[in-house]
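Breakdown of the fold
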Amino acid sequence: MNNQSTFFNNFGGQLGSIMKKNVPFLILVFLLVLFSFVAPNFMTFGNLRTLIRQVSFSGISAVGLMFVMISGGIDLSIGSQIVFSNVLLAIMMVDWKLQPAVAIPLILLVGTGLGAINGFLCIKLKIHPLIITLGTSAIFKGMGYIINQSRNIMGFPDSFRWFGQGYVWGIPVPVIVMVVVALIGSFILTRTYFGRRVFALGGNEEAARLAGVNINGMKVLLFMICGFISSITTVLLLSRVFAGQTITGQGLEFDCLTAALLGGVSFKGGEGNVFGLMVGIIIIGVLNNAMQLATFPDFSQTVVKGSVLLIAVAFDVYQKNRKAKETVAKVAA
């Protein structure tokens, strides 16, 4: 009888541990089942393909944000970076008559430079990245409005359309790019020495410094990676919309941040993985898509998304506190 009781206790503990580790995935499954009844057109092949393409843009930028967050930082300017670089890329191709083969590499350099500015300001001013990137977000967005001059910039080469609207074997190009970026990001974080340094920086910055990690150099480099990846999103979004507009990219950082927290990327740094991030991105995409199909009013959608962000932050804090208590209990034992 005691053996049977021990077996069930161990099984219950293992099951509980598995469920805790896979909470985002369980939430995703629940939402898929729920919205398949709430919105009858939700589970159709055409809508699911549209959903995946919709989330691919924020999914790409979220990978860059994850690098910064795992290191203990945050970047609230990625949406504004896209606003500015989207307009600049449009100007390059329309006003300056540059071909996509020239304009795209240039805008990738610009995005990397915007990320470098964030990193440089963080280490020089010694202010939390949340404040720095909140400020640069306003600057980048304002620069986008200035150079845009209140116009829709159109007239791109037709070949540019493929990046945001094309397919490869029936799969939208942005989805393929998202998968490639996610796989490369996962490999770097889990299989390289650089990735171990990123986690070390977020886990304990002072310990990482004593271990020989160039703290300032790493911070700048991680913001540059975030800016570079967001500039990839810029290219895809401009190709998708096919018009240079200042509304493109606005608010993208909100979805990326919420998805990262839902997917287990800690707000305090030191934790996160690409699989969880992608689950979080799909959760946000499912919410957005299903609420639109169910004709939720725009303000109601905003309330729901804000609530999800707060729940994600609360869940992150809960996980951190639980792990801290478990560590203390093990030490005491």
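Residues numbered from 1 in each chain as written. Predicted model: local features only at pLDDT ≥ 70, side-chain atom pairs only at ≥ 80, totals over all residues. Heavy atoms only, no water.

**Re helix H12 (residues 252-262)**
Counting along an α-helix, one turn takes 3.6 residues, and residues three or four places apart therefore face a common direction. Across the 11 residues that make up H12, a large majority, 10, are buried. Of all the positions in H12, only Leu 252, Glu 253, Asp 255, Cys 256, Leu 257, Thr 258, Ala 259, Ala 260, Leu 261 and Leu 262 are classed as buried. One or two positions beyond H12, positive phi appears at Gly 264, with a value near 95 degrees. (Buried < 20%, exposed > 50% of the residue type's maximum accessible area, 1.4 Å probe, protein only. Helix = DSSP H or I, 4+ residues; strand = E, 2+ residues; numbered from the N terminus.)

**A few points about the packing of aromatic side chains**
Using the criterion set out here, one finds six aromatic pairs in the structure. On the basis of an interplanar angle of 50 degrees and a centroid distance of 5.9 Å, the ring pair of Phe 160 and Phe 163 is categorised as tilted. Judged by relative accessible area, Phe 160 falls into the buried class, the value being 0%. Among the aromatic side chains, those forming a connected cluster through ring pairs are Phe 156, Phe 160, Trp 162, Phe 163 and Phe 242. The positively charged end of Arg 161 is found above the aromatic ring belonging to Phe 242, 3.9 Å away from the centroid. (Phe/Tyr/Trp six-rings, centres within 6.5 Å; stacked < 30°, edge-to-face > 60°. Lys NZ or Arg CZ within 6 Å of the ring centre and 35° of its normal.)

**As for the pattern of salt bridges**
Tallying each qualifying case throughout the model produces four salt bridges. Across the pair Glu 205 and Lys 219 runs a salt bridge whose closest N-O atoms are separated by 3.3 Å. Residue Glu 205 is located in helix H10 (residues 205-210), and its partner Lys 219 is located in helix H11 (residues 215-241); the two are separated by 14 residues in the primary sequence. Judged by its relative accessible area of 25%, Lys 219 is partly exposed. Arg 209 is the partner of Glu 206 in a salt bridge, and the nearest nitrogen-oxygen pair spans 2.4 Å. Of this pair, Glu 206 and Arg 209 both sit in helix H10, three residues apart, roughly one helical turn. (Salt bridge = Lys/Arg side-chain N within 4 Å of Asp/Glu carboxyl O.)

**Re the side chain of Ser 56**
Among the secondary structure elements, Ser 56 is positioned in helix H3 (residues 45-70). Setting aside its immediate chain neighbours within four residues, Ser 56 contacts Pro 174, Val 175 and Met 178. (Contact = heavy atoms within 4.5 Å.)

**Some remarks on the packing of helix H4 (residues 78-94) against H11**
At a closest axis distance of 9 Å, the pairing of H4 and H11 adopts a crossing angle of 55 degrees. With respect to H11, the axis of H4 lies oblique. With respect to the hand of their crossing, H4 and H11 are arranged in right-handed fashion. The residues of H11 that touch H4, namely those facing Ile 78, Gln 81, Ile 82, Ser 85, Asn 86, Leu 89, Ala 90 and Met 93, are Cys 226, Gly 227, Ser 230, Thr 233, Thr 234, Val 235, Leu 237 and Leu 238. Its residues placed into classes, the contact of H4 with H11 shows nine nonpolar, seven polar and no charged. (Axes fitted to C-alpha atoms, helices over the stretch in contact; angles between N-to-C directions. Parallel < 35°, antiparallel > 145°, perpendicular 65-115°, else oblique. Left-handed = near helix turned anticlockwise from the far one by under 90°. Nonpolar A, V, L, I, M, F, W, Y, C, P; charged D, E, K, R; others polar.)

**As for the packing of helix H2 (residues 23-38) against helix H13 (residues 274-293)**
In the contact formed by H2 and H13, the axes pass within 9 Å of each other and the chain directions differ by 25 degrees. In terms of orientation, H2 lies roughly parallel with respect to H13. Regarding H2 and H13, the two cross each other, and that crossing is left-handed. Counted together, Pro 24, Phe 25, Ile 27, Leu 28, Leu 31, Leu 32 and Phe 35 of H2 and Phe 275, Val 279, Ile 282, Ile 283, Val 286, Leu 287 and Ala 290 of H13 form the full contact between these two elements. The residue makeup of the contact of H2 with H13, split by class, is 14 nonpolar, no polar and no charged.

**Looking at the environment of Val 313**
Its location among the elements puts Val 313 in helix H14 (residues 298-332). Sequence spacing of Val 313 and Gly 264 is 49 residues, and the spatial spacing of their C-alpha atoms is 10.0 Å.

**Thoughts on the confidence of the model for the chain**
Looking at the chain, pLDDT values average 86 and 89% of them are 70 or higher. Long-range and interchain partners of residues 7-13, a stretch whose pLDDT sits below 50, account for zero contacts in this model, where long-range means more than four residues apart. A low-confidence stretch, residues 15-19 (pLDDT under 50), is modelled with one contact involving residues beyond four sequence positions or located in other chains. (pLDDT = per-residue confidence, 0-100.)

**Brief notes about the nonpolar core**
Residues Val 63 and Leu 257 are the most contacted members of the largest nonpolar core, which totals 62 residues. For this core, the leading source of residues is H3, giving 12 residues. Ignoring sequence-local partners within four residues, the contact set of Leu 257 consists of Leu 65, Met 69, Ile 74, Leu 76 and Leu 309. Ranked by size, the runner-up nonpolar core spans 20 residues in total, among them Leu 89, Ala 90, Ile 91 and Met 92. (Core = buried A, V, L, I, M, F, W, Y, C linked by side-chain atoms within 4.5 Å.)

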